[in-house]
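If you want the building blocks of each chain, they are given just below.
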Amino acid sequence: MNRDEFNTFCCSFPATSHVVQWGNSDVWKVADKVFAICGWNDGRDAFTFKVTEIAFEVLPETPGIRPAPYLASRGMKWLQVFDLPGLSDSELRRHIGISYDLVARGLSKKKRLALGIPLNDES
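These remarks concern the structure in this document. Per chain, residue numbering runs from 1 following the sequence as it is written. The model is predicted, so local features are restricted to residues of pLDDT at least 70 and side-chain atom pairs to those at 80 or more, both for listing and for counting; the totals for chains, interfaces and linings are taken over all residues. Heavy atoms throughout the structure, all of them, feed into the side-chain values; hydrogens and water do not.

1. Things to note about unusual backbone geometry
Move 1: Look at the link from L84 to P85: it is a cis peptide, with omega at 0°.
Move 2: In this structure, P85 sits in the loop between β6 (78-81) and α3 (89-105).
Move 3: For N24, which is not glycine, the phi torsion reads 70° and is therefore positive.
Move 4: Here N24 shows up in the loop between β1 (16-21) and β2 (25-30).
Move 5: Think of it in three bands: with a 1.4 Å probe and only protein chains considered, a residue is buried below 20% of the maximum accessible area for its type, exposed above 50%, and partly exposed in between. Residue N24 is classed as partly exposed on the basis of its relative accessible area of 46%.
Move 6: You will see that A31, though not glycine, has its phi angle at about 55°, which is positive.
Move 7: With respect to the helices and strands, A31 occurs in the loop between β2 and β3 (33-41). Note on conventions: DSSP H or I runs of at least 4 residues are helices, E runs of at least 2 residues are strands, and numbering of each starts at the N terminus.

Below, the structure is given as structure tokens:
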């Protein structure tokens, strides 16, 4: 996945916004909460996203994936795909989608309803 594909994919989620910050990184948010970042690592695109506890334990064993600089060091469960082999495009899309869901679920039900975000996480 390249930066343009990343941005196109991230804008497909409901109620997202995009800002460029932190050294020219593409930062995607749902409401005012970050769910995905594309920045650079040694001249290559690096993709950062929130993950589940299990993914945070398992995925860093894959070459090209590490705990996200700055975020993980503060106790947050974020990973960064920074080099090859990393994740395939479809796996990266799946994890960005999970990140969006994790962040959106952290919003109040009232806020999600106001933003038009499906409440499909409730039984």
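And the narrative resumes.
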